[in-house]
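Fold and geometry: a report
Residues per chain, in single letters:
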Amino acid sequence: LGLFALAACRSTDPTFVQQAPQAYVRYVNASPDSPALTFRLIDRVENWFTADRVPFRGNSGMYQAVNAGDRRARAFRQLPAGVIDTGTVMVLDTTFTLRERTYYTIVQTGLVM
């Protein structure tokens, strides 16, 4: 009976993962007064690395595939070690429309301190 139950749960049909249309993103920190900044897409859970602690004149590396469409993004800076209220400060909160098969370089400019 146990063997029959295991055989009944097995499907011989292939399993496919639906992949959404992809856009490609990288992040550049061009804020001259900034410490390292962290950039994140925050609206969906997906397998996209965060651009952690990107230094001034630095970037997140190569373009990374993300789901296309309207995407909400935030950038944060770390508070200095001597500050009592340790944590992060948000310096960017915006929404981008990313089109399928298009490459985007998001550049953080201006003063953030």
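Presented here is a report on the structure given in the accompanying data block. In this text the structure is predicted, and so the values were computed from the model without any measurement.

Scoring rules and cut-offs
- Numbers given for residues are sequential positions, taken from 1 along each chain in its written order.
- It should be noted that, the model being predicted, local features are given only for residues of pLDDT at least 70 and side-chain atom pairs only at 80 or more, the latter also being counted only at that level, while totals for whole chains, interfaces and linings use all residues.
- Side-chain numbers come from the whole structure's heavy atoms, not from hydrogens or water.
- Note on ring pairs: Phe, Tyr and Trp rings are taken, using the six-membered ring of Trp, and paired if centres are within 6.5 Å. Classes follow the plane angle, with under 30 degrees stacked, over 60 edge-to-face and the rest tilted.
- Put simply, DSSP marks the helices as runs of H or I at least four residues long and the strands as runs of E at least two long, and each gets a number from the N terminus on.
- Relative accessible area decides the class of each residue, using a 1.4 Å probe on protein chains only: under 20% of the type maximum gives buried, over 50% gives exposed, and in between gives partly exposed.
- Among buried residues, the Ala, Val, Leu, Ile, Met, Phe, Trp, Tyr and Cys ones that are joined through side-chain atoms within 4.5 Å form a nonpolar core.
- Contact between two residues is taken to exist if any of their heavy atoms lie within 4.5 Å; hydrogens are not considered.
- Under the rule applied, a polar contact is a pair of N or O atoms within 3.5 Å (in protein, one hydrogen donor and one hydrogen acceptor; residues adjacent in sequence only if both atoms are side-chain atoms).

Some thoughts on the packing of aromatic side chains
Tallied over the entire structure, the rule returns three aromatic pairs. Judged by centre distance (4.6 Å) and plane angle (20°), the ring pair of Tyr-24 and Tyr-103 falls under stacked. Note that Tyr-24 is positioned in strand β1 (residues 22–29) and Tyr-103 in strand β8 (residues 103–108), a separation of 79 residues in sequence. You can call Tyr-24 partly exposed: its relative accessible area is 23%. Owing to a relative accessible area of 53%, Tyr-103 belongs among the exposed residues under this scheme. With centroids separated by 5.1 Å and ring planes inclined at 85°, the aromatic side chains of Tyr-63 and Tyr-103 adopt a geometry described as edge-to-face.

Some points on the nonpolar core
By size, the foremost hydrophobic cluster in this structure holds 16 residues, and its most contacted members are Val-25, Tyr-27, Phe-39, Leu-41, Trp-48 and Val-66. Sorting the residues of this core by element identifies β1, β2 (37–41), β3 (51–54), β6 (69–78) and β7 (88–98) as the ones contributing at least two each. Every residue in contact with Trp-48, bar those within four places of it in the chain, is listed here: Val-25, Phe-39, Arg-40, Leu-41, Gln-64, Ala-65 and Val-66.

Description of the side chain of Ser-34
Tracing the chain through its elements places Ser-34 in the loop between β1 and β2. A polar side-chain atom of Ser-34 sits 3.1 Å from a polar atom in the side chain of Asn-29. Engagement of the side chain of Ser-34 in a polar contact is seen with the backbone oxygen of Ser-31, the distance being 2.8 Å. Contacts of Ser-34, omitting those with residues within four sequence positions, involve Asn-29, Phe-56 and Val-112.

Observations concerning the environment of Arg-26
Structurally, Arg-26 is set in strand β1. Each C-alpha atom of the pair Arg-26 and Thr-105 lies 5.0 Å from the other, and the pair is 79 residues apart in sequence. Excluding its chain neighbours within four sequence positions, the residues that come into contact with Arg-26 are Ser-60, Gly-61, Met-62, Tyr-63, Tyr-104, Thr-105 and Ile-106. There is a polar contact of 3.3 Å between the side chain of Arg-26 and the side chain of Tyr-63.

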